[in-house]
Amino acid sequence: MNPLPRNGRRPGRPRPRIRRATLAATASLTLSLLALAAPGAPAAATAGDRALPAGDSLAKCAWLNQKLSISTRVHMVLSRMTLANEIRMVGGQGTSEPYVFYMAAQPPFCMPAMGLEDGPVGVGDGLHGVTQLPSAVSLAATFDRSLAQQYGKVIGQEEWGKGAAVNLGPTINIDRDPRWGRSFEAYTEDPFLNGAMAVNEINGVQSTKEMSQVKHFAAYNQETKRNTPRDNVIVSPRTLNEIYFPGFKASVQQARAGSVMCSYAMINGAFACNNAYLLRTTLDERWHFPGFVTSDYGALHSTRGAVQGTSMEQPFDRFYGAALLNAVRQGRIPRSVVDGMCARILTEMFRFHLFNNPPTGNTRDKVTTRGHQAVATRVAEAGTVLLKNDGTLPLSASNGGEVAVIGPAASAATSDTGGGSAYVTAPFSVTPLQGLTAAAGSGTTVRYHQGLPADTSLAAIPSTDLSPPYSPTPFGGRYTGTLTAPKTGTYVLAVTNPCRCYDATTLSVNGTPLFSIPSTPPVHTYSASVRLTAGHRYIIKITGGSSALTWATPSVLAPGINAAAAAAKAASAAVVVVSDDTESEAADRFSLSLPSAQDELVSAVAAANPHTVVVVNAGAPVAMPWLNKVAAVVDAWYPGESNGTALASVLYGNTDPSGHLPVTFPRNLSQVPASTLQRFPGVNGRVHYSEGIDVGYRWYDAKNITPMFPFGYGLSYTTFGFSNLNITPGKGGTAVTVTATVTNTGHVAGTDVAQLYLGDPPVAGEPPRQLKGFQRVTLSPGQSSTVTFTLNKQDLAYWKTSANKWVVPGGQFHVYVGDSSALANLPLHGSFAMVKS
Ligand code: BGC
């Protein structure tokens, strides 16, 4: 049982969530949460509706005069505030407010309330009437700056429409490892692509009056042990500055994000929200960030955070509130520190005109529009990556014969989005089956075969096979039993954890963990397949709360798989949609294998029909043991509400698949940079980032490892050629211009993503190649276009540890242009020389 009551104020978003660290640490917090969690009707409020009491005017609040400079206005407000007034600004208001984070209004100062709402892939936290966008990784796969702006604009308009002045997003943490549960809501493993996407999305958000709170600063790359001292990241300044910081630096300097969220990670011994190196030395002193830093949910660990650089604690005021008040009164923290925290918040509130024009929307307002839905569809289409094609794709929409559409993910149990605070409630969802059926013309018939039972429909394991019989485990509980396999073959085991508490429950078999269910929206039943041998005994362990342990035996699975294979045999093509519905905040994956017996299903269908197309719905790389047996593979990520519409457009050839991988797809986990336990998820409380700057494709290139699919890779229905590499050093030797010609060498129109990689002189100690430019080009058959990349001084620099700064190394730089990070896909090579900066 869940020991904490849920906040009944908003169906679909139970608050407060249980955090392992917080739970273990504080009984007193538990009591205050209990007091806060009185049930009530769903809240409907605007951030501004309690803002300005009647009669307020310039006379009362002279800082409403927008002709004055922002610093003058900030100074005017602060000069009227007492310490208690200021303390109220910097602490959260608990979980009973309409927005997940909330700053209360202070009417005497004409100060509106400020709602801060998730999130990175659309308005989250259970609010309805919003657009469920494709996941951020899908956006990154478009390599399209303009789409990133449009995506941001949708989010900004919808947050604002709901009355929330600050969007908690984008999530720009680096995909250090494909097992990270939040990979889907982040962009990529590459800092350059990360920065480009972040800047454009934030520009889009902030063009709508909405403020962006870019998150989570920094080195937050796993869910395991998060927000505990056991997630102590040991990482070098060079690695931070070259890999984990650049997206944040670009966000605050180029896009001028109003706010930054500090992360759950502990970095070199100090929690991110109590980390002066991150917040003071880096954000303030090096980057001159003028905005405010908010703690992630419960991520502040002491009142010293005020001095260390966190301006606002959310959603509680455990360390600020009374504790901060006392610290100032007792002289432990200077009043000027609190003034400074408020000044930062006020500066951004004035910059975004929140005193004069707070949002007037309501949490119940419908904010999704046809225009927003069109952006969602466009991103889903453009982000779809064609990984393999023997010519089976595109399918013929007319006279294509029978197309067998197979798999729970095609209709019965679709995966449109990932879980946790980034989960967005869809206003509707077009399933792959619906999309493919609707777009089929005459002479093409679509028939559905589920092939596998949905995880939620599995049967309990009978006591004849499991001893002692399973019974539900309480929150934090355990179950251990012995399962005797009645038959040899593939089984599906599933566990349900319905607590909605953001706390993981793990299932293991003979000591091998299969999965962790974080119990976040939208999925509460996870499954995995295991091969068991008749008569053998297996120790089944559940750690954490659970309400059901279920299974499907080989005898239960066989009829569905066989029927799907038979239907595929009779069809002209088979489309198997597979999904990984286990990606979420609050838990990492233990393996890259697809849940349930989806691999068996694909293999059986592929054996029956040589024109088998596999569509993957997942936010991160998955294992593809059937890759050599199938005709085509399409990665559609989590495509959001337009899933089937976008898929049909790509599979029938109305849209050229133009997505390119923003993350490397490894063959298996032994290939990944953080393959050791020391690196992921860490040992003895330390997570060693000892792969250093060799993250993502940098690692594969440096170690000469060939992954399943390289970063930047993606096929099209046409082919492209590259020629005419030209490198022109700029004046003063600092900027370099590179041009190249891209030609559509195939027979249909299509889009490619031209990519420039730079190889530094050896003295820099960099991996062989780093992405420093990309450009989408759409071309008709036979058409050519020139792509231009500009390399500035920063693009050429590396972080020199001994000098503690960026330095441009002297020597020969190598330029590679093509359409993936793999050398084989980089046909143009050139070089230029630089003198040391
Ligand atoms: C997540 C943040 C989110 C916050 C509020 C935290 O658990 O890490 O990304 O913004 O909750 O929902």
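Conventions adopted
Residues numbered from 1 in each chain as written. Predicted model: local features only at pLDDT ≥ 70, side-chain atom pairs only at ≥ 80, totals over all residues. Heavy atoms only, no water. Buried < 20%, exposed > 50% of the residue type's maximum accessible area, 1.4 Å probe, protein only. Helix = DSSP H or I, 4+ residues; strand = E, 2+ residues; numbered from the N terminus. Pairing = 2+ DSSP bridges. Disulfide = S-S within 2.5 Å. Salt bridge = Lys/Arg side-chain N within 4 Å of Asp/Glu carboxyl O. Axes fitted to C-alpha atoms, helices over the stretch in contact; angles between N-to-C directions. Parallel < 35°, antiparallel > 145°, perpendicular 65-115°, else oblique. Left-handed = near helix turned anticlockwise from the far one by under 90°. Contact = heavy atoms within 4.5 Å. Nonpolar A, V, L, I, M, F, W, Y, C, P; charged D, E, K, R; others polar. Polar contact = N/O pair within 3.5 Å; in protein donor to acceptor, adjacent residues only side chain to side chain. Near = heavy atom within 4 Å. Areas by Shrake-Rupley, 256 points an atom, 1.4 Å probe, with all protein chains shown as cover. Expected span 1.5 Å × (residues − 1).

Next up on the list: helix H8 (residues 237-244). Extensive coverage of H8 is indicated by the burial of seven of its eight residues. All of the buried residues along H8 are Arg-238, Thr-239, Leu-240, Asn-241, Glu-242, Ile-243 and Tyr-244.

Here the focus is the sheet that holds strand E17 (residues 505-509). Sheet strands line up and pair through hydrogen bonds in the backbone, either parallel or antiparallel. The sheet built from five strands is open, its strands ordered E14-E15-E20-E17-E18 with antiparallel pairing. Every interior strand has two partners, whereas the edge strands, strand E14 (466-467) and strand E18 (512-517), have only one. In the sheet, E17 pairs with E18 via five bridges, with the strands oriented antiparallel. Across the sheet, the residue bridging to Ser-508 is Pro-513, located in E18.

The next point concerns the state of the cysteines. Here is the idea: a disulfide is a covalent bond, and it sits between the sulfur atoms of two cysteines. Enumeration according to the criterion identifies three disulfides in this entry. Each sulfur of the disulfide joining Cys-262 and Cys-273 lies 2.1 Å from the other. Taking the torsion about the S-S bond as the criterion, the Cys-262 to Cys-273 disulfide, at about 110°, is right-handed. Placement of the pair is Cys-262 in strand E6 (residues 259-262) and Cys-273 in the loop between strand E8 (270-271) and helix H10 (276-286), with a sequence separation of 11 residues. Note on accessibility: Cys-262 and Cys-273 belong to one class, buried. One disulfide bridge connects Cys-499 with Cys-501, the sulfur atoms lying 1.8 Å from each other. Sign of the S-S torsion, about -45° for the bond between Cys-499 and Cys-501, identifies this disulfide as left-handed. Here Cys-499 falls in the buried class, since its relative accessible area comes to 10%. Judged by its relative accessible area of 2%, Cys-501 falls in the buried class. Among the cysteines of the protein chain that take part in disulfides, numbered as they appear in the sequence, the pairing is 1-2, 3-4, 5-6.

The next subject is the pattern of salt bridges. Throughout the structure, instances matching the rule amount to 21 salt bridges. Measuring nitrogen to oxygen at the nearest pair gives 2.8 Å for the salt bridge that ties Asp-177 to Arg-179. Judged by relative accessible area, which is 0%, Asp-177 ranks as buried. For Glu-381, the salt bridge identified is with Arg-378, shortest N-O distance 3.1 Å. In this pair, Glu-381 and Arg-378 both sit in helix H14 (residues 370-383), three residues apart, roughly one turn of the helix. Judged by relative accessible area, Arg-378 falls into the partly exposed class, the value being 33%.

What follows deals with the packing of helix H6 (residues 145-161) against helix H7 (residues 191-206). To describe two helices that pack against each other, one gives the angle between their axes and the distance between the axes. Running from N to C, H6 and H7 cross one another at 45°; their axes reach a closest spacing of 6 Å. As summarised for this structure, H6 and H7 are arranged oblique, according to the angle between their axes. Of the two elements, H6 crosses H7, and the hand of that crossing is right-handed. Each of Arg-145, Ala-148, Gln-149, Tyr-151, Gly-152, Lys-153, Ile-155 and Gly-156 in H6 lies in contact with H7, whose residues at this interface are Phe-192, Ala-196, Met-197, Asn-200, Glu-201, Gly-204 and Val-205. For the contact of H6 with H7, the per-class residue count stands at seven nonpolar, five polar and three charged.

Time to look at the side chain of Gln-213. Among the secondary structure elements, Gln-213 is positioned in strand E4 (residues 211-217). Judged by its relative accessible area of 0%, Gln-213 falls in the buried class. At 2.8 Å, the side chain of Gln-213 and the side chain of Thr-294 are in polar contact. Not counting residues within four places of it along the chain, the set of residues in contact with Gln-213 comprises Leu-116, Val-166, Asn-167, Leu-168, Gly-169, Pro-170, Ser-259, Val-260, Met-261, Phe-292 and Thr-294.

Attention now goes to the site of the ligand. Asp-118, Arg-182, His-216, Asp-296 and Glu-585 are the nearest of the 17 residues found near the ligand. Between the ligand and Arg-182, the relevant distance is 2.7 Å, taken from an oxygen atom to a side-chain nitrogen or oxygen of the residue. In this structure, Asp-296 approaches the ligand through a side-chain N or O atom, which is 2.6 Å from an oxygen atom. Contact with the protein chains removes 100% of the 310 Å² of surface that the ligand exposes when unbound.

Here we come to the sheet that holds E8. One open sheet accounts for four strands, arranged E8-E7-E5-E25; its pairing is mixed. At either margin of the open sheet sits one strand with a lone partner, and together these are E8 and strand E25 (686-688).

Moving on to the side chain of Gln-314. For Gln-314, the position within the fold is in the loop between helix H11 (305-308) and helix H12 (321-329). According to the relative accessible area criterion, Gln-314 is buried, its value standing at 1%. Only 3.0 Å separates the side chain of Gln-314 from the backbone oxygen of Tyr-102, close enough to count as a polar contact. Not counting residues within four places of it along the chain, the set of residues in contact with Gln-314 comprises Gly-91, Gly-92, Gln-93, Phe-101, Tyr-102, Met-103, Thr-294, Ser-295, Asp-296, Tyr-297 and Gly-298.

We now examine H14. Compared with the 20 Å implied by 1.5 Å per residue over 14 residues, the 20 Å span of H14 between its first and last C-alpha is a close match. Counting buried positions over the 14 residues of H14 gives 10, a clear majority of the element. Here H14 has its buried residues at His-372, Gln-373, Val-375, Ala-376, Thr-377, Val-379, Ala-380, Glu-381, Ala-382 and Gly-383. At its buried positions, H14 is contacted by helix H5 (136-142), H6, strand E10 (385-389), strand E24 (632-635), helix H18 (643-651) and strand E29 (770-779).

From the geometry alone we can't say anything about function, so treat these as descriptive.
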